[in-house]
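A look at the structure
The chain contents come next:
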Amino acid sequence: MIPEIGHLLIIIATSLSLLLATIPLLGLYKGNRYLISYYRPLSNMMLLAFMAAVTCLTLSFICNDFSVAYVANHSNTQLATFYKIAAVWGSHEGSMLFWVSAIAFWTALIANRKTENNEAFFVRTVSVLALVILGFSLFIIFTSNPFVRILPNFPIEGRDLNPILQNIGLIIHPPLLFLGYVGLTVCFASSVSALLGKQFTQQQAQYMRPWAIMAWVFLTGGNAFGSWWAYNELGWGGWWFWDPVENASFIPWLVATALVHSVTMTQRLGQCKKFTLFLAILAFSLSLLGTFIVRSGVVQSVHAFAADPTRGMSILFLLVVLSGGALALFASRISYITAEDRFSPFSKNTLILLGNLLLVVAGLSVLLGSYYPIIYNVITNNTISVGAPYFNSIFVPIIFILSFLMGLAPLISWQQEKLSSLKRPLFLLFVCVALVILISVNTERTNAWFFFGLLATIWIMACTCLAIYQFLKSKTKTTQSYRFFGMCLAHFGIAIAILAGTVVSHFEQEEVLSMGPGQGRELAGYIFVFEQTQQITATSFDALQANIRIMDLDGKTVGYVYPQRQTFKTNGMQTTAASVYSTAFQDLYVSMGTKLNETEYLIRISYKPMVSWLWIGAILMMFGGFFIVLTNRYRQPTTQLKTLPSTYTLQELIS
Amino acid sequence: MNLRVMMITILLCVFIPSVLADTAMYSPEEKRKLGFEIAQELRCPSSDNRSLFDSQTQIANVLKGHIFKKLDEGQSKQQIIDFMVARFGERIRYNPSINSGTFALWLIPFMLIILSIVGGISWVMTQHKRQSANEQSVIDEKNYE
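A quick note: this is a predicted structure, and the numbers were derived from the prediction, not measured.

Reading the values: the criteria
- Residues numbered from 1 in each chain as written.
- Chains lettered and ligands numbered in written order.
- Predicted model: local features only at pLDDT ≥ 70, side-chain atom pairs only at ≥ 80, totals over all residues.
- Helix = DSSP H or I, 4+ residues; strand = E, 2+ residues; numbered from the N terminus.
- Buried ≥ 20, exposed ≤ 12 C-beta atoms within 10 Å, placed from the backbone.
- Rg over C-alpha atoms; globule rule 2.2 N^0.38 Å.
- Contact = placed C-beta atoms within 7 Å.
- Nonpolar A, V, L, I, M, F, W, Y, C, P; charged D, E, K, R; others polar.
- Pairing = 2+ DSSP bridges.
- pLDDT = per-residue confidence, 0-100.
- Domains from an automatic or database assignment.
- Axes fitted to C-alpha atoms, helices over the stretch in contact; angles between N-to-C directions.
- Parallel < 35°, antiparallel > 145°, perpendicular 65-115°, else oblique.
- Left-handed = near helix turned anticlockwise from the far one by under 90°.
- Expected span 1.5 Å × (residues − 1).
- Bend = angle between axes of the 7 residues up to and from the residue.
- Core = buried A, V, L, I, M, F, W, Y, C linked by C-beta atoms within 7 Å.

Some words on the overall build of chain B
Helix and strand content of chain B: five helices and zero strands. Secondary structure of chain B in N-to-C order comes out as α-α-α-α-α. By the burial criterion, 21% of the 145 residues in chain B qualify as buried.

Brief notes about the overall build of chain A
Secondary structure assignment for chain A yields 20 helices and 10 strands. Rg of the C-alpha trace for chain A: 27 Å, near the compact-globule value of 26 Å for 655 residues, within the 12% margin. Oriented by its inertia axes, the alpha-carbon framework of chain A measures out at about 85 × 75 × 50 Å. Each of the 655 residues in chain A was classed as buried or not, and the buried ones make up 50%.

Let's talk about the interface of chain A and chain B
Each side of the interface is counted separately: chain A has 37 residues, and chain B has 28 residues. Going through the elements one at a time, α13 (348–380), α14 (388–408) and β9 (586–595) of chain A are the ones with two or more residues in the side of chain A that touches chain B. Tallying contributions element by element places α13 of chain A first for the side of chain A that touches chain B, with 13 residues. Along the lines of polarity and charge, the residues of the side of chain A that touches chain B split into 19 nonpolar, 14 polar and four charged.

Comments concerning the pairing of β9 of chain A
All names here are of chain A. Within β9, seven of the 10 residues are buried, leaving the element largely enclosed by the surrounding structure. In this structure, strand β8 (residues 579–582) lies alongside β9, joined through four bridges in antiparallel fashion. Residue pairing in the sheet places valine 580 in a bridge with tyrosine 589 of β9. Between β8 and β9, which pair antiparallel one after the other, the connecting turn spans three residues. In sequence, β9 turns back onto strand β10 (residues 601–609) through a hairpin of five residues.

Comments concerning the confidence of the model for chain B
Regions with low pLDDT carry predicted coordinates that are not meant to be interpreted in detail. Residues and elements named next belong to chain B. Looking at chain B, the pLDDT average stands at 79 and 78% of residues meet or exceed 70. No element of chain B has a lower mean pLDDT than helix α1 (residues 2–22), which averages 51, and none a higher one than helix α4 (residues 77–88), which averages 90. Predicted confidence for residues 13–23 stays below pLDDT 50, and this span has two contacts to residues more than four positions away or in other chains. In the predicted complex, the global pTM is 0.89; the interface-specific ipTM is 0.83.

Let's talk about the domain arrangement of chain A
All names here are of chain A. Taken domain by domain, chain A consists of domain 1 (1–162) and domain 2 (519–610). The distance between the C-alpha centroids of domain 1 and domain 2 comes to 43 Å. Split into classes, the residues belonging to the side of domain 1 that touches domain 2 amount to one nonpolar, two polar and two charged.

Digging into the sheet that holds β8 of chain A
Residues and elements named next belong to chain A. Taking strand neighbours across the sheet as the criterion, the four strands line up as β1-β10-β9-β8 in an open arrangement whose pairing is antiparallel. The open sheet has two free edges, formed respectively by β1 (509–515) and β8, since each of these has just one partner strand. Averaged over all adjacent pairs, the angle separating strand axes in this sheet is 15 degrees, with direction ignored. Summarising the sheet, β1 and β10 pair through seven bridges and their orientation is antiparallel. Bridge pairing links leucine 513 to isoleucine 603 in β10.

Details of the environment of aspartate 65 of chain A
Residue and element names in this part refer to chain A. Examined against the element boundaries, aspartate 65 turns out to sit in the loop between α3 (39–62) and α4 (69–74). Expressed as a C-alpha distance, the spacing of aspartate 65 and arginine 149, which sit 84 residues apart in the sequence, is 9.6 Å. In contact with aspartate 65, other than residues within four places in its own chain, are Pro3, Ser60 and Val71.

Notes on the environment of leucine 20 of chain A
Residue and element names in this part refer to chain A. Considering the arrangement of structural elements, one finds leucine 20 in helix α1 (residues 2–30). With 29 C-beta atoms counted inside 10 Å, the residue leucine 20 sits in the buried group. Residues leucine 20 and leucine 411, spaced 391 residues apart in sequence, show a C-alpha to C-alpha distance of 46 Å. If sequence neighbours within four positions are ignored, leucine 20 has contacts with Tyr39, Leu42, Ser43, Met46, Val126, Ser127 and Ala130.

Some words on the packing of helix α15 (residues 423–441) of chain A against helix α16 (residues 448–474) of chain A
For any two helices packed against each other, the geometry is given by the interaxial angle and the distance between the axes. Residues and elements named next belong to chain A. It is at 9 Å that the axes of α15 and α16 come closest, and there the two elements cross at 140 degrees. As summarised for this structure, α15 and α16 are arranged oblique, according to the angle between their axes. Classified by chirality, the crossing of α16 by α15 is right-handed. In this structure, α15 uses Pro425, Leu428, Leu429, Cys432, Val433, Leu435, Val436, Ile439 and Ser440 to contact α16, whose residues at the interface are Phe450, Phe451, Leu454, Leu455, Ile458, Trp459, Ala462, Cys463 and Leu466. Here the contact of α15 with α16 is composed, by residue class, of 17 nonpolar, one polar and no charged.

Side note on the pairing of strand β2 (residues 520–523) of chain A
All names here are of chain A. Across four bridges, β2 lies against strand β3 (residues 526–537) in antiparallel orientation. The partner of glycine 520 across the bridge, within β3, is valine 529. Once β2 ends, the chain turns through two residues before running back antiparallel as β3, passing alanine 524 with a positive phi of about 50 degrees.

Some words on α13 of chain A
Residues and elements named next belong to chain A. The first and last C-alpha atoms of α13 sit 46 Å apart over 33 residues, in line with the 48 Å expected at 1.5 Å per residue. The largest bend in α13 amounts to roughly 50 degrees and is located at tyrosine 371, with the proline proline 373 lying one to four residues further along. Burial analysis of α13 places 24 of its 33 residues in the buried class, which makes it a mostly covered element. The positive-phi residue at the C-terminal boundary of α13 is asparagine 381, with phi of around 70 degrees.

Concerning the nonpolar core
All names here are of chain A. Counting residues in each nonpolar core, the largest one holds 197 residues, and the members touching the most others are Cys187, Ala212, Val255, Ala256, Leu259 and Ala283. No other element matches helix α9 (residues 202–233), which puts 17 residues into this core. Aside from chain neighbours lying at most four places away, what touches leucine 259 is Cys187, Ala212, Thr276, Leu279, Ala280 and Ala283. In this structure, Phe530, Val561, Val590 and Ile603 belong to the second largest nonpolar core, which totals 15 residues.

Side note on unusual backbone geometry
Residue and element names in this part refer to chain A. Phi at asparagine 381 takes a positive value of approximately 70 degrees, unusual for a residue other than glycine. You can see asparagine 381 is positioned in the loop between α13 and α14. Taking the number of C-beta atoms within 10 Å as the measure of exposure, asparagine 381 has 7 and is therefore exposed. For alanine 524, which is not glycine, the phi dihedral falls at a positive 50 degrees. The residue alanine 524 is located in the loop between β2 and β3 in this model. Accessibility expressed as a C-beta count within 10 Å gives 16 for alanine 524, which makes it partly exposed.

Below, the structure written as structure tokens:
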């Protein structure tokens, strides 16, 4: 009964989204206030329906209702309740429902806020969001319904969750990414709304800005957490693989980063309006493209497209309709958008603009590399692979140029033209280069990657510190201080992540060897002693575990690691669970591979200095962004807004 | 006598480097580093998207063994990669070679980088010029008044 109610609720929500996408817009064009006023109750009812549907699905999981196909395929009576709830969004159908519900939640938030004098803008935004929800809901109902029953032959015990997915990562990683995508959807909707209104004011940019930053914060979290999860779980010790699925969420992050900076420029100075609108559409389109690529199975193998062509084609259809429609609207309305693009050659504005362009280029390059094999295959019928070496050689130089801009931009004021302001940063650059040369000379195996990575870090950090110093000295713009410090925190986070990436790539040491009980090996000043193997039995898997003792060179025990080979009871799938001995500045990473003979196993030991700082950097970035959004809410600059150009009012549109 | 010494010297000069090159042995440290590097640049033929280095499949382990055997024989990185490509096709290398088919893959990013920098700066310059021209005309008008 519960699944049927859930099914019905999705249909009700879909109908409501159809109403929400049409009635308020109709009201706007007819000038009928009564019709317009429907947007609030409709949004709230739609949210309620989606929340109830999600609750139904959760209940089906908790009650082990294996007659529901989605539950039967992703749960098992043995599974801990914790993971049962996570399974609600753990796979395709449920994640789509989660995604749509999150959009509905944000829609309701926007619909219920004070509209000030921008009601038309908000109403259109809500309607466009409802249109997106409509598309996704139809997609759910027709191709990915989580409530489909398999009767009468359903599995009594259910099936297992994909063993790799039975992890804390599953509970946090997908929702973060989806929330990021949802934020991008909201930016997309407001961009379309501005285009429909033929106007993009600074005030509208001010509404869009926290949405963009929140999207960016969630995407940062989603990517970083995904990286952390892969590092700990996949048992191969890398933290970024340039896998197409990773790139699918990384490309929107790059464009979202550009969007955050561009919308800030629009909000503060009324500049780069067209670029901001375009970036909002682009970021959303890329997130949808990423979803298509991941969900259709195009990337694992070109031939796996047949795995679920209807789903892939449906998302592609959504992508074409939504992005194509938005881009067509952009092309037809862009001439109405007038920006005050007063640029001085030497100004923060120019640097940010260049940075944004480069971020988009970085995103497009990663996009090209990720999907080139598919295009190549279609054209030539041959297969090639594009992997880490290619991406590193393209991406790292761009990051280096970006780092240079990133350090310099906070030091230079808006709309400035004096070259003399470059004196201090130039001096700083010399100091940084000298310092890095000094460090590099005293480092073993120095190469260009190490040199430039270190230079980028030290440059950004030094510049940010100098910017803070200048800011504290000036003490004039007190209202801007929260935003300024949030920015500094985020930039620091990037610098730390670059440093960590550079250090771990340069100084990591690895050893692959066969090892059995009683054997040991020295690596990077530690001695690893394989003490014994042990059989472990858990609820869902049996594991063979190696107990490896780590000692320092004096023979003092530092700690133990317990890498495992897990065999899942339900499907016999084998996975490697690495074990990490982690301290603040280094990780000792041990994984156990295949059995080589009676007693010996293939053991991989890695020494990874500073690897945790990658994720600490990401957390700092998230905090920085979050801090800006939080303080943004309390800093209602009503007095400032009055001086802005007159915004779009309902009457204007009606007349 | 002199001639003989010269002949021997020439022969030595010609042969010794080639003999040395044929038996160019890597130190164990170099060999390990190079072997790992090669394994990381090649894709495991039987798993979704993992390098030979990361993959635990049987074929990956066999191929890793091959790499080290060839390094023992003194082959260079390029020779080993060429051998793998000849045997398994272009698909095995993560760093695609530059040819007519992959030309765009390498060219487009560089074009985009240059285009974005040059385009961005020239746009700023034109905006700046237009702005100054406008301001100039405003000033001119005022002067005229």
